[in-house]
Amino acid sequence: SFQQTRDNVIPRYVRVNTLKTTLDDVIDYLKREGFSYQGTAMRLEDLDHLTGKTFLCDLHLKDLLVFSAKTDFHNHFLYKAGHIILQDKASCLPAFLLNPPVGSHVIDACAAPGNKTSHLAAIMKNKGKLFAFDLDAKRLSTMSTLLLRAGVTCHQLANQDFLKVDPQSSEYKEVEYILLDPSCSGSGMVCLRDEVSEPQEDGRLQALAAFQLRCLNHALQFPQVQRVVYSTCSIHPQENEEVVSACLQQNPGFRLVHLLPNWHERGHDPFTQCLRASTAKTRTHGFFVAMLERCPPQTDGEN
Ligand code: SAM
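Residues numbered from 1 in each chain as written. Predicted model: local features only at pLDDT ≥ 70, side-chain atom pairs only at ≥ 80, totals over all residues. Heavy atoms only, no water.

### Brief notes about the nonpolar core
Phase 1: Counting residues in hydrophobic clusters, the biggest one holds 46 residues, and the most contacted among them are Leu 93 and Leu 120.
Phase 2: Breaking this core down by element, the ones donating at least two residues are strand 4 (64–67), helix 3 (89–98), helix 4 (115–123), strand 7 (129–134), helix 5 (137–149), strand 9 (175–180), strand 12 (275–277) and strand 13 (287–294).
Phase 3: When residues in this core are grouped by element, the largest group, 6 residues, is from helix 3.
Phase 4: Residues within four places of Leu 120 in sequence aside, it is in contact with Ala 95, Leu 98, Pro 100, Val 106, Asp 108, Leu 130 and Leu 179. (Core = buried A, V, L, I, M, F, W, Y, C linked by side-chain atoms within 4.5 Å. Buried < 20%, exposed > 50% of the residue type's maximum accessible area, 1.4 Å probe, protein only. Helix = DSSP H or I, 4+ residues; strand = E, 2+ residues; numbered from the N terminus. Contact = heavy atoms within 4.5 Å.)

### Some thoughts on the site of the ligand
Phase 1: Close contacts around the ligand come from 19 residues, with Asp 134, Arg 139, Asp 161, Phe 162 and Asp 181 the closest.
Phase 2: Interatomic distance of 2.8 Å between a side-chain N/O atom of Asp 161 and a nitrogen atom of the ligand.
Phase 3: Protein contact buries 88% of the 610 Å² of open area that the ligand shows by itself.
Phase 4: A class-by-class count of the residues in the shell around the ligand yields 9 nonpolar, 4 polar and 6 charged. (Near = heavy atom within 4 Å. Polar contact = N/O pair within 3.5 Å; in protein donor to acceptor, adjacent residues only side chain to side chain. Areas by Shrake-Rupley, 256 points an atom, 1.4 Å probe, with all protein chains shown as cover. Nonpolar A, V, L, I, M, F, W, Y, C, P; charged D, E, K, R; others polar.)

### Quick word on the pairing of strand 9
Phase 1: A large share of strand 9 lies buried, amounting to 5 of its 6 residues.
Phase 2: Pairing between strand 6 (residues 105–108) and strand 9: 4 bridges, direction parallel. Among the inter-strand pairings, His 105 is bridged to a residue of strand 9, identified as Val 175.
Phase 3: As defined by bridge partners, strand 9 adjoins strand 10 (residues 227–232) across 4 bridges and the pair is classed as parallel. Note on strand 10: the bridge partner recorded for Tyr 177 is Arg 227. (Pairing = 2+ DSSP bridges.)

### Concerning the confidence of the model for the protein chain
Phase 1: Summarising the model, the protein chain shows a mean pLDDT of 94, and 93% of its residues fall at 70 or more.
Phase 2: Scored below 50 in pLDDT, residues 1–5 shows 4 contacts in the model against residues more than four places distant or in partner chains.
Phase 3: Complex prediction metrics read pTM 0.95 and ipTM 0.99. (pLDDT = per-residue confidence, 0-100.)

### Looking at unusual backbone geometry
Phase 1: Cis geometry is found at the peptide bond from Ala 112 to Pro 113, where omega equals 5 degrees.
Phase 2: Take Pro 113: it is sitting in the loop between strand 6 and helix 4.
Phase 3: For the bond running from Asp 269 to Pro 270, omega is 5 degrees, close enough to zero to count as cis.
Phase 4: Mapped onto the secondary structure, Pro 270 falls in the loop between strand 11 (254–256) and strand 12.

### Considering the side chain of Asn 17
Phase 1: Following the sequence through the fold, Asn 17 ends up in the loop between strand 1 (12–16) and helix 1 (23–32).
Phase 2: Excluding anything up to four places from it in sequence, Asn 17 contacts Gly 82, His 83, Ile 84, Ile 85, Ala 122 and Ala 150.

### What about the pairing of strand 6?
Phase 1: Here strand 6 shows no split at all, with His 105 and Ile 107 on one side and Val 106 and Asp 108 on the other all buried.
Phase 2: In the sheet, strand 6 pairs with strand 7 via 4 bridges, with the strands oriented parallel. Pairing of Ile 107 across the sheet is with Phe 131, part of strand 7.
Phase 3: Between the parallel elements strand 6 and strand 7, the chain passes through helix 4 in a crossover that is right-handed. (Right-handed = clockwise from strand over helix to strand, strands pointing away.)

### Quick look at the side chain of Lys 116
Phase 1: With respect to the helices, strands and loops of the structure, Lys 116 is situated in helix 4.
Phase 2: Judged by relative accessible area, Lys 116 falls into the buried class, the value being 13%.
Phase 3: Reaching out from Lys 116, the side chain makes a polar contact with the side chain of Asp 181 at a distance of 2.8 Å.

### As for the packing of helix 3 against helix 4
Phase 1: At a closest axis distance of 9 Å, the pairing of helix 3 and helix 4 adopts a crossing angle of 30 degrees. For the crossing formed where helix 3 meets helix 4, the hand is right-handed. Contacts from Ser 91, Cys 92, Pro 94, Ala 95, Phe 96 and Leu 98 in helix 3 reach Lys 116, His 119, Leu 120 and Ile 123 in helix 4.
Phase 2: A breakdown of the residues in the contact of helix 3 with helix 4 according to their chemical character gives 7 nonpolar, 2 polar and 1 charged. (Axes fitted to C-alpha atoms, helices over the stretch in contact; angles between N-to-C directions. Left-handed = near helix turned anticlockwise from the far one by under 90°.)

Shown next, in the form of C-alpha cells:
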C-alpha cells in the first residue's frame, strides 16, 4: 500500500502574478496576516520542514512561494483578486524556461485553462502578442475568466485545432517562441496516480504520443520560430523522450537546449538536456520539459 512519507508530499506552490503585484507586496501582505517568511530555500530539503504558516521563496524559480501542503488559498483575497496563481512548481517551468522577451510574438498552442498563458504574459509584461489556442470551448471560457482576473491583455484567444493553424499565415510571421503543452496521459499527476494504479493502456499512450509528435512537428513549421518548449505531466518515456527523439530525427534543423544545469532530475539518457520532475526528487508532480531551438545557419567551414 501507499505509504505517506516526506518523499511523497508536495508542498503548496503559489506563483506571484507580477502583472498585478510584486513579490515583496505579497510577502508583506502575508506577514501581516500572521504568516512567517523564512527567506529563500537553499536546498530541496528546506521544503520538507514547512509547517503551519511558515513559507519560503523557491530555490529555482523567482516569484514562486512555497507553503506547507495543507495551506489552502482558494478562498484567499490575493487569489480571488488575481494577485497569486495556484500552480504547481513543475508547471511553472515551461514559461519560465521559454522566457519570451518583452514585446515578442508567442504561441501557446494548447493553452486552456491558461495558467501557463498568464505566466507567459507576466514574463512579456503584457507587451507583444500572445496567440493562445485550444480545441475545447468550455475550457477556453474558463480560461477567459482566469486571464481577466490575472490582468492579461496581450493575448488573442482562439477556439481552434493547433494542427490546423496555418504557419504561413502573415499573422504569425513574427512568432519566435512557442509553448506546447498538449494533452497527455496525466500519469504524473499524483492524485491520479494513486487512484488509477492500472497500467496505462498501450494503445492510448501510442495515440497520445502520435498526437504530441504531430503538434511538435507542426510547431517547428512556423517560419521565424527560434525556440519551442514541449512539456507534459506524464511520466511515460513514450510521451516524453521518445516524442522528442522522433521529432529531432524528422527536423535536423533543430537541436535540444541544455536546461537548468542545477536541476538534478534529468531526461532519460541520452536526453539529459531535458528536465524531469517528481515528488521524490523535486517535490512536484511528475513532469517533463524539453526545449528545441533552431540551429544557427551553417557556415562554409573555416578559412
Ligand atoms: N497549458 C495549459 C495550462 O497550463 O493551463 C494546460 C493544457 S492541457 C495539458 C492540454 C490542452 O490541449 C487541453 O485544454 C485540450 O483541450 C487542448 N487540446 C487538445 N488537442 C488540441 C488541439 N489539437 N489543438 C489545440 N488544443 C488542443
